[in-house]
Amino acid sequence: MSKHDTKSETEEANRMWASASFVGVLIIIGLPLWWKTTEVYRVALPYDKINAFETDSHYISTELTVLANDDETAQEVARQIEKAFQESDVIKLKITKKIIPNKLQHLLDSVADEQEALEDVGAAFNIKKHNTFYVVQRKPLYQDVWVGTERVAFFRDIKACSTIVKVLEKWIYQPSVLIGARSEIADAARQVRFPSGPGYHVVLSVVHPRPQELKVNFNARDAIEDYIGSFVDELTELHNFTLKSQWLHLLDFDFEATEVPGGRVAGAERLPLLLTRLEERAATHVSERPTLNLALYVVPCRLAPLALQRYDKEIPPPVQAFMSPKWGGVVFGNPTPEECEKQVYTPPVNLIMGTFLSQLRKLLGITDKEAQAGARLEALRRAAPRAWERDALLRLRALQQLASAETSLRSLAKLLGEISNIVINDEVGASINLAVESIHRATEHMEKADLLEAHRYSQRAFLAAETAFMEPSLLALLYFPDDQKYAIYIPLFLPIMFPVVLSLKNLLLWFRGKPVHKEKTD
Amino acid sequence: MSLYYVYFIFTFLVTIKISNAIEIPEKFQKSNHTNNWAVLVDTSRFWFNYRHVANVLSIYRSVKRLGIPDSQIILMISDDMACNPRNPRPATIFNNAHEQINVYGDDVEVDYRGYEVSVENFVRLLTGRVPPDTPRSKRLLTDEGSNILIYLTGHGGDGFLKFQDSEEITSQELADALEQMWQKRRYNEIFFIIDTCQASSMYEKFYSPNILATASSLVGEDSLSHHVDSAIGVYIIDRYTYYVLEFLENVHPNSKKTMSEFLAVCPKSACLSTVGVRRDLFKRDPSKVPITDFFGSVRQIIITTDPIDIQEIPKRKKPMSINKTKVPEKREYLPQFPMHLVKTTV
């Protein structure tokens, strides 16, 4: 043992400790720190709850009361209805059977007018409640079944059972449309109505191509306020509506009309282009909400009367109008030759607004009711929708929003698995949690037949899911994909890491007490 | 004799049966889209890239002529060649040497211009994750029934497309953006066209369904320009887009041309680069798909025959706030120069 040896040993120890401290800083502190700081920030999400969604198992309960003169009829009608709706997994009926009280029965049998009979039923039962429906027996009926604007259907006797079932299926509950709303693929009804949303703008544009030739007496503001306003006031639970009106002058359009006896017919392939032309001028896309476009096109006198198709045999409809799904409707105002002569045109406001309302109903999701044999649907003679149509809309929107929210959340969860550099910050996490919670509450309310609350929660879930999916912050790491990460780190860290990693072997040997270097022998 | 007839009828029926079995039913060949959108992007700036602006405006002109409304076309142009001080013919952009078609026209609605054309805005547009104050005209408001035409032009390399002069989008990022669109049901089918160098590298990473993609050149090839206009002094248009436009000019809204004709529009002899096509993600047979499925526009028209016969004129219950009596506001002119606010030091 020489002095030289001990000196080299302490030197060796110093060297080793130095190298160990490098290892300590770089590998034990540095690596985890680097890992932690470059981690994509993701809030813990309720993945198990999202994966447990079963969109196809949602259903809505609804209350149906059968009122009949005698117990036997009530039993039979209720049994038939129950049988028909047994297999439907989208709507579940809670049927109660009752005998009509004597007083009401007497009234129903003696009153001549159905509307009065409705009022009598309304006095005895609460027909204003959402999501209820009454099937009431009324002997002096001309048809098997009669349906009006309230949540009541009259039937004559026990023989009307099959008609009642058909009416409930095709008019009142429409399980096929509800299934379409719940599924992922758009069915025919969904291709027409506007997608769900918190609110819409309704814009009535009066298009007047030749203002120099004709004066038009039409108060667009009052018309939209009174007619459309009283219609949308009934739908306030569903959406917010903003009503606007405007005049568009000098909007020329070539219909390529062909002359036929008694007027002109517009070229069929030109009509979609009219929509494009209207869109250019109507400037409806300045608002952030979707717009329901309503346009009254005042036909110039040299074209009037303009028709949309040829009517050789059949009687032409009272008004020329067309609609385009998810866009809106156009009504043509055809001035008469006398009006053209006087150069003053007064459009038939009732007829025009009635046409717009008919289009608006379809665009918002109220489907057409096919005629059923033996049943009579009282024609609508007011702006407001029927009470049971509102219930149907609420059911439809609740299911659709719920299904859409679940789809959004599911695909977001899937995307997070697929694409690694999506950030989930606290706000996105909060809206996902809110959506999941609202979905659960909406489902509960649906099963309890509490329709208004169910719709409110489903709308909240839908909006929260949309915000979560469309949150701009999800793209925060757009410029930092993995390959670029390595492109930066490898040239930065590799030159330092090499000697550190290489010294590891020596360090381990030294710690085990073995000599690191063989003694040089001269 | 009768036996012969029976045999004849039997074989006849069998052949009908077989030919029916082989033929793909019509409804699976027909597109079920309900609206058409177009996203047209020019990613490069500076005067010498005049041809890219001409490219994108040529496509814009065609889709607009074939019926897609401006509200459903998102046009991104990263530099304003029409107003460039070097442009000898201000406010015009031509796509051929004889200056026959002014593609700038009189009705061009540019949605994103100048430095707004960035990778971030492009990906935000596709995925729908735009800032909440974005106007509707700058959003891609597509749904599950939308057919989208995406056209990109600019300078590209193997796996990326350069935006402006500072950043690039990689093929992976583009593929991820399209997947996010698919997951949100933001399209029915996409037709993806890209006219850059090494263009086919941009669609190689796609993994979402229902995308038909075509590119002006394969990996390792350059995409070349068509010709110079000596009056303007720069290359006017790229070869691929030139032949595409030549083809599209002969398409009319009700013409029967198919996508397979479109895909074969620029043979190697004309383009000098090989046009790449990717059709494995696309379910339909391109030779059965009419070109108007992507370049035209469908708008369903339903004739209304059942107006509501309103009996009494409705009167909306007016909200209370309207009935408030208005206090007339006092107005006066302010002095032209606000001298009363300035403290005089004299």
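Predicted model, so just to flag it, every value in this text is computed and none were measured. (Residues numbered from 1 in each chain as written. Chains lettered and ligands numbered in written order. Predicted model: local features only at pLDDT ≥ 70, side-chain atom pairs only at ≥ 80, totals over all residues. Heavy atoms only, no water.)

Chemist: Looking at this structure, how should I read the overall build of chain B?
Modeler: Looking only at helices and strands, chain B features 9 helices and 13 strands. Looking at chain B as a whole, 54% of its 346 residues qualify as buried. Considering only contacts in chain B between residues 6 or more positions apart, those separated by 24 or more positions represent 73%. Accessible surface computed for chain B: about 17600 Å², of which carbon and sulfur atoms make up 56%. (Helix = DSSP H or I, 4+ residues; strand = E, 2+ residues; numbered from the N terminus. Buried < 20%, exposed > 50% of the residue type's maximum accessible area, 1.4 Å probe, protein only. Contact = heavy atoms within 4.5 Å. Areas by Shrake-Rupley, 256 points an atom, 1.4 Å probe, with all protein chains shown as cover.)

Chemist: Please explain the state of the cysteines as it appears in this structure.
Modeler: Any covalent bond linking the sulfur atoms of two cysteines counts as a disulfide. Scanning all chains against the criterion turns up 2 disulfides over all chains. Disulfide pairing is shown between Cys-301 of chain A and Cys-340 of chain A; the S-S distance is 2.1 Å. Taking the sign of the S-S torsion, -100° for the link of Cys-301 of chain A and Cys-340 of chain A, the bridge is left-handed. With Cys-301 of chain A in the loop between strand 11 (291-298) and strand 12 (306-307) and Cys-340 of chain A in helix 11 (residues 337-342), this residue pair connects regions lying 39 residues apart in the sequence. When its relative accessible area of 18% is taken as the criterion, Cys-340 of chain A is described as buried. The disulfide partner of Cys-266 of chain B is Cys-271 of chain B, and the S-S distance across this bridge is 1.9 Å. Taking the torsion about the S-S bond as the criterion, the Cys-266 of chain B to Cys-271 of chain B disulfide, at about 115°, is right-handed. The burial state of Cys-266 of chain B is the same as that of Cys-271 of chain B; both residues are buried. (Disulfide = S-S within 2.5 Å.)

Chemist: Teacher, can you tell me more about the sheet that holds strand 6 (residues 160-163) of chain B here?
Modeler: Strands pair in a sheet through their backbones, by hydrogen bonds, and they do so in one of two ways: parallel or antiparallel. Residue and element names in this part refer to chain B. Strands sit in the order 5-6-7 across an open sheet of 3 strands; the sheet is antiparallel. Two strands in the sheet have a free side with no partner beyond their single neighbour: strand 5 (155-157) and strand 7 (167-170). Strand-to-strand twist of the sheet, defined as the mean angle between neighbouring strand axes without regard to direction, takes the value 30°. Helix-sheet contacts for helix 4 (residues 119-127) involve strand 6 and strand 7, and the interaxial angle to strand 7 is about 35°. (Pairing = 2+ DSSP bridges. Axes fitted to C-alpha atoms, helices over the stretch in contact; angles between N-to-C directions.)

Chemist: Please clarify how the domain arrangement of chain A should be interpreted in this entry.
Modeler: The accessible area lost on association of the parts is a frequent measure of interface size. Taken domain by domain, chain A holds domain 1 (13-40 + 479-511), domain 2 (60-179 + 371-379) and domain 3 (194-364). Measuring from the centre of the C-alpha atoms in domain 1 of chain A to the corresponding centre in domain 3 of chain A gives 72 Å. (Domains from an automatic or database assignment.)

Chemist: Could you clarify how one ought to interpret the UniProt feature "active site" (unreviewed entry) in chain B in this entry?
Modeler: Residues and elements named next belong to chain B. This chain's UniProt record puts "active site" (unreviewed entry) on His-155 and Cys-197. Across 43 residues of sequence, these annotated residues stay compact in space, with a maximum C-alpha separation of 6.4 Å. Mapping His-155 onto the fold places it in strand 5. A relative accessible area of 25% means that His-155 is categorised as partly exposed. Setting aside residues up to four positions removed in sequence, His-155 forms contacts with Thr-43, Ser-44, Asn-49, Arg-51, His-52, Leu-161, Lys-162 and Thr-196. For His-155, the side chain forms a polar contact with the side chain of Asn-49, separated by 2.8 Å. Looking at the element boundaries, Cys-197 is found in the loop between strand 8 (189-195) and strand 9 (211-215). Setting aside residues no more than four positions away along its own chain, Cys-197 makes contact with Gly-156, Gly-157, Ser-217, Glu-221, Asp-222 and Ser-223. (UniProt positions renumbered as here; feature names shortened; annotations may be inferred. Polar contact = N/O pair within 3.5 Å; in protein donor to acceptor, adjacent residues only side chain to side chain.)

Chemist: How should I be thinking about a nonpolar patch on the surface in this particular structure?
Modeler: Residue and element names in this part refer to chain A. Together, Tyr-486, Ile-490, Leu-494, Phe-498 and Leu-502 make up a nonpolar patch on the protein surface, roughly 550 Å² of accessible area in all. Relative to the helices and strands, Leu-494 is located in helix 16 (residues 482-511). Classification of Leu-494 by relative accessible area gives partly exposed; the value is 42%. (Patch = residues over 30% accessible without salt bridge, like charges linked within 9 Å, V, L, I, M, F, W, Y side chains within 5 Å. Salt bridge = Lys/Arg side-chain N within 4 Å of Asp/Glu carboxyl O.)

Chemist: Any chance you could explain the pairing of strand 2 (residues 73-77) of chain B here in plain terms?
Modeler: As a general feature of sheets, a regular strand has side chains that alternate between the two faces. Residues and elements named next belong to chain B. By the criterion of burial, strand 2 is predominantly enclosed, with 5 of the 5 residues buried. Burial along strand 2 is two-sided: Ile-73, Leu-75 and Ile-77 and Ile-74 and Met-76, pointing in opposite directions, are all buried. Direction of pairing for strand 1 (residues 35-42) relative to strand 2: parallel, over a ladder of 5 bridges. Bridge assignment links Val-39 to a residue of strand 2, and that residue is Ile-74. Tracing the backbone out of strand 1, into helix 3 (residues 50-65) and back to the parallel element strand 2 gives a crossover that is right-handed. Note that strand 2 and strand 3 (residues 112-113) share 2 bridges and pair parallel. What sits directly across from Ile-77, in strand 3, is Arg-113. (Right-handed = clockwise from strand over helix to strand, strands pointing away.)

Chemist: When you look at the nonpolar core in this model, what are you seeing that I'm missing?
Modeler: Where a protein is soluble and globular, its nonpolar side chains tend to be buried together. Counting 111 residues, the largest nonpolar core has Ile-81 and Ile-228 of chain A as the members making the most contacts within it. Here the element with the most residues in this core is helix 13 (residues 387-418) of chain A; it accounts for 13 residues. Structurally, this core is a two-domain feature, drawing no fewer than three residues from each of domain 2 (60-179 + 371-379) and domain 3 (194-364) of chain A. In terms of nonpolar packing, the next biggest core, distinct from the first, is built from 52 residues, Phe-191, Val-244, Phe-247 and Val-251 of chain B among them. (Core = buried A, V, L, I, M, F, W, Y, C linked by side-chain atoms within 4.5 Å.)

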